[in-house]
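# Survey of secondary and tertiary structure
Listed here are the chains, written in short residue letters.
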Amino acid sequence: MPRVYNWQIGREMEYRFQTGTQKRQFAAVFNINRCIACQTCTMACKSTWTFSPGQELMWWNNVETKPFGGYPHHWDTKLLALQEAADPGGQVWDARPPTRAAPYGTFAGKTIFETADGIERQATGYIPDEDEWKSPNLFEDTATRFSPSGASLPEHSGWFFYLQRICNHCTYPACVAACPRNAAYKREEDGIVLIDQERCRGYRKCVEACPYKKAMYRPTTRTSEKCIGCYPRVEGTDPLTEGVPMETRCMTACIGKIRLQGLVKVEPDGQWAEDRQNPLYYLVHVEKVALPLYPQFGTQPNVYYIPPRWVPRDYLRQMFGPGVDAAIERYTNPSRELLAVLQLFRATQKIIFSYRVEPGPKTAEFTVDGKKREIYNDTVIGFDSQGKEIVRITVNEPFYERPDRFAMNTI
Ligand code: SF4
Ligand code: SF4
(Lines give C-alpha, C1' and ligand atoms only; values in the text may rest on other atoms or scores of the structure.)
(Ligands and ions follow the chains in the order given, each with its own letter.)
Protein backbone atom coordinates (compact mmCIF):
# COMPACT_ATOMS: atom_id res chain seq x y z
CA MET A 1 0.00 0.00 0.00
CA PRO A 2 1.42 3.48 -0.83
CA ARG A 3 2.86 5.56 1.98
CA VAL A 4 1.65 9.15 1.97
CA TYR A 5 2.51 12.17 4.10
CA ASN A 6 -0.24 13.60 6.29
CA TRP A 7 0.96 16.99 7.59
CA GLN A 8 -1.98 17.32 10.00
CA ILE A 9 -0.68 14.35 12.02
CA GLY A 10 2.96 15.17 11.29
CA ARG A 11 3.93 11.80 9.80
CA GLU A 12 3.59 9.28 7.02
CA MET A 13 0.78 6.77 6.91
CA GLU A 14 -0.55 4.09 4.58
CA TYR A 15 -3.37 4.96 2.20
CA ARG A 16 -4.88 2.88 -0.57
CA PHE A 17 -4.07 5.34 -3.37
CA GLN A 18 -1.25 7.70 -4.20
CA THR A 19 -2.78 11.20 -4.30
CA GLY A 20 -1.61 14.68 -5.09
CA THR A 21 -2.25 14.70 -8.80
CA GLN A 22 -4.95 17.35 -8.59
CA LYS A 23 -4.14 20.91 -9.59
CA ARG A 24 -6.13 22.68 -6.89
CA GLN A 25 -7.89 21.64 -3.69
CA PHE A 26 -11.34 22.73 -2.54
CA ALA A 27 -10.96 24.12 0.98
CA ALA A 28 -12.80 26.28 3.50
CA VAL A 29 -12.46 27.97 6.88
CA PHE A 30 -15.42 28.20 9.30
CA ASN A 31 -15.26 30.62 12.22
CA ILE A 32 -17.19 28.83 14.98
CA ASN A 33 -17.12 31.93 17.17
CA ARG A 34 -19.59 33.73 14.93
CA CYS A 35 -22.15 31.03 14.05
CA ILE A 36 -25.71 31.67 15.26
CA ALA A 37 -27.16 28.32 14.10
CA CYS A 38 -29.72 30.02 11.91
CA GLN A 39 -29.42 26.99 9.56
CA THR A 40 -29.60 29.22 6.48
CA CYS A 41 -26.63 27.28 5.10
CA THR A 42 -28.43 24.00 5.80
CA MET A 43 -31.55 25.11 3.95
CA ALA A 44 -29.59 26.64 1.07
CA CYS A 45 -28.01 23.22 0.49
CA LYS A 46 -31.22 21.27 1.09
CA SER A 47 -33.27 23.37 -1.32
CA THR A 48 -30.59 23.03 -4.00
CA TRP A 49 -29.52 19.39 -3.85
CA THR A 50 -31.49 17.11 -1.48
CA PHE A 51 -35.20 17.93 -1.80
CA SER A 52 -36.24 14.78 -3.71
CA PRO A 53 -37.84 11.48 -2.63
CA GLY A 54 -35.39 9.31 -0.71
CA GLN A 55 -33.40 12.33 0.46
CA GLU A 56 -35.70 13.32 3.33
CA LEU A 57 -33.12 12.53 6.03
CA MET A 58 -30.17 13.68 3.95
CA TRP A 59 -28.45 16.90 5.07
CA TRP A 60 -25.18 17.41 3.20
CA ASN A 61 -24.71 20.58 5.26
CA ASN A 62 -25.83 20.53 8.88
CA VAL A 63 -25.06 22.65 11.93
CA GLU A 64 -25.12 20.69 15.18
CA THR A 65 -24.93 21.68 18.83
CA LYS A 66 -21.88 20.36 20.63
CA PRO A 67 -21.12 18.61 22.94
CA PHE A 68 -24.31 16.52 22.77
CA GLY A 69 -25.56 17.09 19.25
CA GLY A 70 -24.61 15.20 16.15
CA TYR A 71 -25.86 14.15 12.77
CA PRO A 72 -25.98 11.20 12.67
CA HIS A 73 -26.38 11.05 16.42
CA HIS A 74 -23.11 10.85 18.38
CA TRP A 75 -21.11 10.17 15.18
CA ASP A 76 -17.86 11.44 16.65
CA THR A 77 -18.04 9.88 20.11
CA LYS A 78 -18.95 6.55 18.56
CA LEU A 79 -15.89 6.58 16.31
CA LEU A 80 -13.62 7.83 19.09
CA ALA A 81 -14.78 4.84 21.18
CA LEU A 82 -14.05 2.42 18.31
CA GLN A 83 -10.58 3.92 17.89
CA GLU A 84 -9.90 3.71 21.61
CA ALA A 85 -11.00 0.07 21.68
CA ALA A 86 -8.64 -0.72 18.79
CA ASP A 87 -5.69 1.14 20.34
CA PRO A 88 -6.35 1.40 24.10
CA GLY A 89 -4.66 4.40 25.66
CA GLY A 90 -2.60 4.99 22.55
CA GLN A 91 -4.56 7.75 20.85
CA VAL A 92 -2.29 10.57 21.95
CA TRP A 93 -0.17 13.30 20.39
CA ASP A 94 3.57 13.41 20.72
CA ALA A 95 3.93 17.17 21.13
CA ARG A 96 7.08 18.49 19.48
CA PRO A 97 8.17 21.99 18.50
CA PRO A 98 6.07 22.93 15.47
CA THR A 99 7.60 22.76 12.01
CA ARG A 100 6.00 23.48 8.65
CA ALA A 101 5.79 19.74 7.95
CA ALA A 102 4.29 19.00 11.40
CA PRO A 103 2.79 22.21 12.80
CA TYR A 104 0.81 20.44 15.54
CA GLY A 105 3.42 17.83 16.46
CA THR A 106 3.04 14.12 15.65
CA PHE A 107 0.05 11.92 16.30
CA ALA A 108 1.39 8.84 18.07
CA GLY A 109 -1.87 6.90 17.89
CA LYS A 110 -3.47 5.10 14.97
CA THR A 111 -5.58 6.63 12.22
CA ILE A 112 -8.82 5.00 11.09
CA PHE A 113 -6.84 3.40 8.25
CA GLU A 114 -4.30 1.94 10.68
CA THR A 115 -6.87 0.41 13.05
CA ALA A 116 -8.54 -1.41 10.11
CA ASP A 117 -7.15 -4.65 8.68
CA GLY A 118 -6.89 -3.26 5.11
CA ILE A 119 -8.53 -6.41 3.69
CA GLU A 120 -12.09 -6.65 4.96
CA ARG A 121 -12.09 -2.99 5.91
CA GLN A 122 -10.01 -0.10 4.62
CA ALA A 123 -11.00 2.12 7.54
CA THR A 124 -12.55 1.67 10.96
CA GLY A 125 -16.16 2.83 10.98
CA TYR A 126 -19.78 1.82 11.31
CA ILE A 127 -23.10 2.24 9.53
CA PRO A 128 -25.52 4.36 11.57
CA ASP A 129 -29.06 3.07 12.19
CA GLU A 130 -31.89 4.81 10.38
CA ASP A 131 -32.94 6.43 13.68
CA GLU A 132 -29.57 8.10 14.03
CA TRP A 133 -30.11 10.13 10.85
CA LYS A 134 -33.43 11.54 12.03
CA SER A 135 -32.32 14.78 13.66
CA PRO A 136 -29.82 17.13 12.01
CA ASN A 137 -29.35 18.99 15.32
CA LEU A 138 -30.08 16.65 18.22
CA PHE A 139 -30.12 18.34 21.67
CA GLU A 140 -30.26 21.76 20.06
CA ASP A 141 -28.85 24.46 22.34
CA THR A 142 -28.26 21.99 25.17
CA ALA A 143 -25.37 22.98 27.42
CA THR A 144 -23.30 20.59 29.52
CA ARG A 145 -25.22 21.36 32.69
CA PHE A 146 -27.51 23.92 34.24
CA SER A 147 -26.32 26.66 36.54
CA PRO A 148 -28.68 26.85 39.57
CA SER A 149 -27.90 30.53 39.99
CA GLY A 150 -28.59 31.28 36.32
CA ALA A 151 -26.00 32.05 33.66
CA SER A 152 -24.09 35.28 33.90
CA LEU A 153 -21.58 36.55 31.40
CA PRO A 154 -18.66 36.55 31.00
CA GLU A 155 -18.34 33.34 33.03
CA HIS A 156 -20.94 30.61 33.30
CA SER A 157 -20.65 26.94 33.97
CA GLY A 158 -22.82 25.69 31.12
CA TRP A 159 -21.42 25.76 27.62
CA PHE A 160 -22.20 24.68 24.09
CA PHE A 161 -21.27 25.72 20.60
CA TYR A 162 -22.35 25.15 17.04
CA LEU A 163 -20.36 22.93 14.70
CA GLN A 164 -20.92 23.51 10.99
CA ARG A 165 -20.42 20.36 8.95
CA ILE A 166 -20.07 19.52 5.28
CA CYS A 167 -17.99 16.91 3.48
CA ASN A 168 -14.33 17.81 4.03
CA HIS A 169 -13.26 16.79 0.50
CA CYS A 170 -10.41 15.07 2.30
CA THR A 171 -6.93 14.70 0.81
CA TYR A 172 -7.05 11.01 1.84
CA PRO A 173 -10.79 10.28 1.70
CA ALA A 174 -11.94 7.21 3.58
CA CYS A 175 -15.00 6.99 1.30
CA VAL A 176 -12.72 6.68 -1.74
CA ALA A 177 -10.45 4.12 -0.06
CA ALA A 178 -13.41 1.99 1.02
CA CYS A 179 -15.34 1.81 -2.25
CA PRO A 180 -14.91 -1.66 -3.83
CA ARG A 181 -16.20 -0.41 -7.19
CA ASN A 182 -14.09 2.77 -7.31
CA ALA A 183 -17.30 4.74 -7.66
CA ALA A 184 -16.11 7.33 -5.14
CA TYR A 185 -13.29 9.43 -6.57
CA LYS A 186 -11.40 12.68 -6.15
CA ARG A 187 -11.50 15.15 -9.04
CA GLU A 188 -8.23 16.13 -10.70
CA GLU A 189 -9.16 19.77 -11.21
CA ASP A 190 -10.23 20.77 -7.69
CA GLY A 191 -9.99 17.79 -5.31
CA ILE A 192 -13.78 17.65 -4.89
CA VAL A 193 -14.84 14.12 -3.90
CA LEU A 194 -17.78 12.67 -5.84
CA ILE A 195 -19.66 9.38 -6.11
CA ASP A 196 -20.29 8.20 -9.66
CA GLN A 197 -23.99 7.33 -9.57
CA GLU A 198 -23.65 4.99 -12.57
CA ARG A 199 -20.96 2.89 -10.87
CA CYS A 200 -22.36 2.91 -7.32
CA ARG A 201 -24.20 -0.28 -6.26
CA GLY A 202 -25.15 0.96 -2.79
CA TYR A 203 -22.83 -1.30 -0.76
CA ARG A 204 -22.55 1.59 1.78
CA LYS A 205 -18.83 1.01 2.31
CA CYS A 206 -18.36 4.78 2.02
CA VAL A 207 -21.10 5.40 4.61
CA GLU A 208 -19.33 3.01 6.96
CA ALA A 209 -15.83 4.38 6.37
CA CYS A 210 -16.37 8.16 6.32
CA PRO A 211 -15.37 9.26 9.83
CA TYR A 212 -17.48 12.40 9.50
CA LYS A 213 -20.50 10.45 8.21
CA LYS A 214 -20.90 12.67 5.18
CA ALA A 215 -21.60 9.89 2.69
CA MET A 216 -25.30 8.89 2.87
CA TYR A 217 -27.45 6.13 1.46
CA ARG A 218 -30.54 6.91 -0.63
CA PRO A 219 -33.07 4.06 -0.53
CA THR A 220 -35.06 5.15 -3.60
CA THR A 221 -32.06 4.91 -5.95
CA ARG A 222 -30.12 2.34 -3.87
CA THR A 223 -26.98 4.39 -4.24
CA SER A 224 -24.90 6.50 -1.88
CA GLU A 225 -24.72 10.25 -2.26
CA LYS A 226 -22.71 13.05 -0.73
CA CYS A 227 -21.92 16.76 -0.89
CA ILE A 228 -20.72 17.60 -4.39
CA GLY A 229 -19.02 20.84 -3.37
CA CYS A 230 -21.50 22.71 -5.62
CA TYR A 231 -18.97 21.92 -8.36
CA PRO A 232 -20.80 23.78 -11.16
CA ARG A 233 -20.46 26.97 -9.11
CA VAL A 234 -16.82 26.26 -8.20
CA GLU A 235 -16.04 25.54 -11.88
CA GLY A 236 -17.79 28.71 -12.98
CA THR A 237 -20.05 26.70 -15.31
CA ASP A 238 -23.32 27.38 -13.46
CA PRO A 239 -25.21 30.06 -15.46
CA LEU A 240 -25.36 32.25 -12.33
CA THR A 241 -21.59 32.43 -12.06
CA GLU A 242 -20.98 34.23 -15.41
CA GLY A 243 -17.91 32.06 -15.96
CA VAL A 244 -16.19 33.03 -12.71
CA PRO A 245 -15.47 30.48 -9.92
CA MET A 246 -18.00 31.07 -7.16
CA GLU A 247 -18.35 29.74 -3.64
CA THR A 248 -20.87 27.02 -2.77
CA ARG A 249 -24.49 27.65 -1.79
CA CYS A 250 -23.92 27.01 1.94
CA MET A 251 -20.99 29.44 1.99
CA THR A 252 -22.64 32.30 0.14
CA ALA A 253 -25.89 32.05 2.13
CA CYS A 254 -24.17 32.35 5.53
CA ILE A 255 -25.90 35.00 7.62
CA GLY A 256 -23.22 35.06 10.30
CA LYS A 257 -20.42 35.65 7.76
CA ILE A 258 -18.50 32.77 9.29
CA ARG A 259 -17.48 30.98 6.08
CA LEU A 260 -14.71 31.51 3.55
CA GLN A 261 -14.13 28.98 0.76
CA GLY A 262 -11.54 28.73 -1.95
CA LEU A 263 -9.29 26.64 -4.14
CA VAL A 264 -5.72 26.27 -2.91
CA LYS A 265 -2.68 25.20 -4.92
CA VAL A 266 -1.41 21.67 -4.28
CA GLU A 267 2.13 20.24 -4.38
CA PRO A 268 2.82 16.91 -6.16
CA ASP A 269 2.86 15.19 -2.74
CA GLY A 270 -0.72 16.32 -2.01
CA GLN A 271 0.19 19.10 0.42
CA TRP A 272 -0.93 22.70 0.03
CA ALA A 273 1.69 24.62 -1.92
CA GLU A 274 3.05 27.78 -0.32
CA ASP A 275 0.82 30.64 -1.44
CA ARG A 276 1.23 33.40 1.15
CA GLN A 277 -1.39 35.73 -0.29
CA ASN A 278 -4.17 33.15 -0.57
CA PRO A 279 -6.48 33.91 2.40
CA LEU A 280 -7.04 30.22 3.22
CA TYR A 281 -3.32 29.44 3.12
CA TYR A 282 -2.72 32.46 5.34
CA LEU A 283 -5.32 31.41 7.94
CA VAL A 284 -4.26 27.75 8.04
CA HIS A 285 -0.49 27.80 7.50
CA VAL A 286 0.73 31.30 8.39
CA GLU A 287 -1.49 32.40 11.29
CA LYS A 288 -2.49 28.78 12.15
CA VAL A 289 -5.74 30.19 13.52
CA ALA A 290 -7.90 27.61 11.67
CA LEU A 291 -7.61 23.91 12.53
CA PRO A 292 -8.78 20.60 11.02
CA LEU A 293 -11.67 18.66 12.60
CA TYR A 294 -10.43 15.45 14.27
CA PRO A 295 -7.09 15.40 12.41
CA GLN A 296 -6.25 12.15 14.24
CA PHE A 297 -8.74 10.26 12.07
CA GLY A 298 -6.14 10.61 9.29
CA THR A 299 -8.15 11.67 6.22
CA GLN A 300 -6.52 15.14 6.13
CA PRO A 301 -9.79 17.07 5.88
CA ASN A 302 -9.80 20.34 3.96
CA VAL A 303 -12.40 22.23 6.01
CA TYR A 304 -10.80 24.15 8.88
CA TYR A 305 -12.28 25.73 12.00
CA ILE A 306 -11.43 28.74 14.12
CA PRO A 307 -12.16 27.15 17.53
CA PRO A 308 -14.61 28.75 19.98
CA ARG A 309 -12.98 30.75 22.75
CA TRP A 310 -15.34 29.81 25.61
CA VAL A 311 -15.19 26.01 25.48
CA PRO A 312 -13.02 23.87 27.84
CA ARG A 313 -9.66 23.35 26.17
CA ASP A 314 -9.49 19.58 26.74
CA TYR A 315 -12.66 19.14 24.74
CA LEU A 316 -11.32 21.34 21.95
CA ARG A 317 -7.92 19.62 21.88
CA GLN A 318 -9.60 16.27 21.34
CA MET A 319 -11.66 17.77 18.51
CA PHE A 320 -9.08 19.99 16.78
CA GLY A 321 -5.71 18.70 17.98
CA PRO A 322 -2.85 20.34 19.88
CA GLY A 323 -2.98 23.58 17.87
CA VAL A 324 -6.02 24.83 19.82
CA ASP A 325 -4.33 27.00 22.45
CA ALA A 326 -2.17 28.89 19.96
CA ALA A 327 -5.10 29.33 17.57
CA ILE A 328 -7.36 30.82 20.25
CA GLU A 329 -4.58 33.12 21.45
CA ARG A 330 -4.05 34.41 17.89
CA TYR A 331 -7.77 34.88 17.33
CA THR A 332 -8.24 36.66 20.67
CA ASN A 333 -5.31 39.01 20.02
CA PRO A 334 -5.28 39.20 16.23
CA SER A 335 -2.41 40.66 14.29
CA ARG A 336 -3.17 43.67 12.13
CA GLU A 337 -3.12 41.46 9.02
CA LEU A 338 -5.38 38.79 10.54
CA LEU A 339 -7.96 41.38 11.50
CA ALA A 340 -8.00 42.58 7.89
CA VAL A 341 -8.22 39.08 6.38
CA LEU A 342 -11.13 38.16 8.69
CA GLN A 343 -13.16 40.88 6.93
CA LEU A 344 -13.07 38.83 3.70
CA PHE A 345 -15.52 36.27 5.12
CA ARG A 346 -18.71 36.58 3.09
CA ALA A 347 -17.66 39.83 1.46
CA THR A 348 -18.20 38.42 -2.05
CA GLN A 349 -19.76 35.33 -3.63
CA LYS A 350 -16.77 34.94 -5.96
CA ILE A 351 -13.80 32.81 -4.92
CA ILE A 352 -10.91 34.94 -3.65
CA PHE A 353 -7.56 33.57 -4.89
CA SER A 354 -5.35 36.25 -3.36
CA TYR A 355 -5.56 39.37 -1.22
CA ARG A 356 -3.63 42.53 -0.44
CA VAL A 357 -3.86 44.80 2.61
CA GLU A 358 -3.52 48.59 2.25
CA PRO A 359 -2.64 50.34 5.52
CA GLY A 360 -5.13 52.80 7.02
CA PRO A 361 -5.15 55.15 10.04
CA LYS A 362 -5.23 54.04 13.68
CA THR A 363 -8.82 54.28 14.91
CA ALA A 364 -8.71 52.79 18.40
CA GLU A 365 -6.33 51.94 21.23
CA PHE A 366 -7.28 49.99 24.36
CA THR A 367 -6.15 47.29 26.78
CA VAL A 368 -7.48 43.71 26.90
CA ASP A 369 -6.27 41.31 29.62
CA GLY A 370 -3.39 43.66 30.32
CA LYS A 371 -2.32 43.71 26.66
CA LYS A 372 -2.32 46.89 24.61
CA ARG A 373 -4.39 46.64 21.45
CA GLU A 374 -4.54 48.97 18.48
CA ILE A 375 -7.05 48.92 15.66
CA TYR A 376 -6.19 50.28 12.23
CA ASN A 377 -8.78 50.93 9.58
CA ASP A 378 -6.88 48.98 6.92
CA THR A 379 -8.42 48.07 3.59
CA VAL A 380 -8.30 44.48 2.38
CA ILE A 381 -8.68 43.80 -1.33
CA GLY A 382 -9.55 40.39 -2.79
CA PHE A 383 -8.64 39.22 -6.31
CA ASP A 384 -10.06 36.45 -8.52
CA SER A 385 -8.10 33.75 -10.35
CA GLN A 386 -7.12 36.24 -13.06
CA GLY A 387 -5.86 38.83 -10.57
CA LYS A 388 -8.89 41.06 -11.09
CA GLU A 389 -10.17 42.94 -8.03
CA ILE A 390 -13.48 41.48 -6.84
CA VAL A 391 -13.88 42.93 -3.35
CA ARG A 392 -12.59 45.83 -1.27
CA ILE A 393 -13.55 46.18 2.39
CA THR A 394 -12.28 48.09 5.43
CA VAL A 395 -11.68 46.85 8.97
CA ASN A 396 -14.03 49.46 10.42
CA GLU A 397 -17.54 48.92 9.16
CA PRO A 398 -18.70 51.95 7.18
CA PHE A 399 -21.25 53.99 9.15
CA TYR A 400 -24.19 55.50 7.35
CA GLU A 401 -26.76 57.69 9.07
CA ARG A 402 -30.07 57.82 7.27
CA PRO A 403 -31.68 61.22 6.74
CA ASP A 404 -34.63 61.78 9.10
CA ARG A 405 -37.31 61.61 6.42
CA PHE A 406 -36.33 58.01 5.51
CA ALA A 407 -36.48 56.93 9.14
CA MET A 408 -40.22 57.67 9.36
CA ASN A 409 -42.65 54.77 9.39
CA THR A 410 -44.57 55.37 6.19
CA ILE A 411 -46.79 52.28 6.24
S1 SF4 B 1 -15.60 13.85 4.69
FE2 SF4 B 1 -16.18 11.70 4.36
S3 SF4 B 1 -17.40 11.75 2.47
FE4 SF4 B 1 -16.18 13.65 2.53
S5 SF4 B 1 -14.27 13.18 1.40
FE6 SF4 B 1 -13.86 12.85 3.60
S7 SF4 B 1 -14.24 10.66 3.87
FE8 SF4 B 1 -15.25 11.20 1.92
S1 SF4 C 1 -25.72 30.25 7.80
FE2 SF4 C 1 -23.75 30.69 8.83
S3 SF4 C 1 -24.40 31.53 10.83
FE4 SF4 C 1 -26.20 30.45 10.00
S5 SF4 C 1 -26.03 28.34 10.80
FE6 SF4 C 1 -25.01 28.34 8.81
S7 SF4 C 1 -22.82 28.67 9.30
FE8 SF4 C 1 -24.01 29.30 11.11
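Above this text is the structure in question.
Report on the accompanying structure. (Residues numbered from 1 in each chain as written. Chains lettered and ligands numbered in written order. Predicted model: local features only at pLDDT ≥ 70, side-chain atom pairs only at ≥ 80, totals over all residues. Heavy atoms only, no water.)

Attention now goes to the packing of aromatic side chains. Applying the stated rule across the entire model yields 19 aromatic pairs. Judged by centre distance (5.3 Å) and plane angle (75°), the rings of Tyr15 and Phe113 are edge-to-face. With a gap of 98 residues between them, Tyr15 in the loop between strand S2 (11–14) and strand S3 (24–31) and Phe113 in the loop between strand S6 (106–107) and strand S7 (161–165) connect regions that are remote in the sequence. For Phe113, a relative accessible area of 9% translates into the label buried. Seen from the ring of Tyr217, Arg204 lies directly overhead, with NZ or CZ sitting 4.0 Å from the centre. (Phe/Tyr/Trp six-rings, centres within 6.5 Å; stacked < 30°, edge-to-face > 60°. Helix = DSSP H or I, 4+ residues; strand = E, 2+ residues; numbered from the N terminus. Buried < 20%, exposed > 50% of the residue type's maximum accessible area, 1.4 Å probe, protein only. Lys NZ or Arg CZ within 6 Å of the ring centre and 35° of its normal.)

Around ligand 1 lies a shell formed by Cys167, Asn168, His169, Cys170, Pro173, Ala174, Cys175, Val193, Cys210, Tyr212 and Lys226. Of the residues that constitute the shell around ligand 1, the class distribution is 8 nonpolar, 2 polar and 1 charged. (Near = heavy atom within 4 Å. Nonpolar A, V, L, I, M, F, W, Y, C, P; charged D, E, K, R; others polar.)

In the structure shown here, the tally under the stated rule is 26 salt bridges. For Glu132, the salt bridge is made with Lys78, and the minimal N-O distance between the two is 2.5 Å. Of the two residues, Glu132 sits in the loop between S6 and S7 while Lys78 sits in helix H2 (residues 75–86), which places them 54 residues apart along the sequence. Residue classification places Lys78 among the partly exposed residues on the basis of a relative accessible area of 34%. The salt bridge involving Glu247 is made with Arg346; its shortest N-O contact spans 2.7 Å. Residue Glu247 is found in the loop between helix H5 (231–235) and helix H6 (249–252), and its partner Arg346 is found in the loop between helix H10 (336–341) and strand S15 (354–358); the two are separated by 99 residues along the sequence. Using a relative accessible area of 11% as the deciding quantity, one classes Arg346 as buried. A network of salt bridges, in which partner residues are shared, links Glu64, Lys66, Asp76 and Arg165. (Salt bridge = Lys/Arg side-chain N within 4 Å of Asp/Glu carboxyl O.)

Take the nonpolar core next. Formed by 109 residues in total, the largest nonpolar core has its most connected members in Val29, Phe113, Phe161, Leu163, Leu283, Leu293 and Phe320. In this view, Val29 contacts Ile258, Arg259, Leu260, Leu280, Leu283, Val284, Ala290, Tyr304, Ile306 and Phe345; residues no more than four positions away in its chain are not counted. (Core = buried A, V, L, I, M, F, W, Y, C linked by side-chain atoms within 4.5 Å. Contact = heavy atoms within 4.5 Å.)

Taken together, 14 residues lie near ligand 2, and Cys35, Cys38, Gln39, Cys41 and Cys254 sit nearest. Considering only residue class, the shell around ligand 2 consists of 9 nonpolar, 4 polar and 1 charged.

Here we take up helix H1 (residues 40–49). Listing the buried residues of H1 in full gives Cys41, Thr42, Ala44, Cys45 and Lys46. If you follow the buried residues of H1, they end up packed against strand S4 (62–66), H6 and strand S12 (259–265).

Once that is clear, we can look at the environment of Trp60. Here Trp60 shows up in the loop between H1 and S4. Assessed through its relative accessible area of 6%, Trp60 is described here as buried. Those residues in contact with Trp60 that sit more than four places away from it in its chain are Cys45, Trp49, Thr50, Arg165, Ile166, Cys167, Lys214, Met216, Glu225, Lys226, Cys227 and Ile228.

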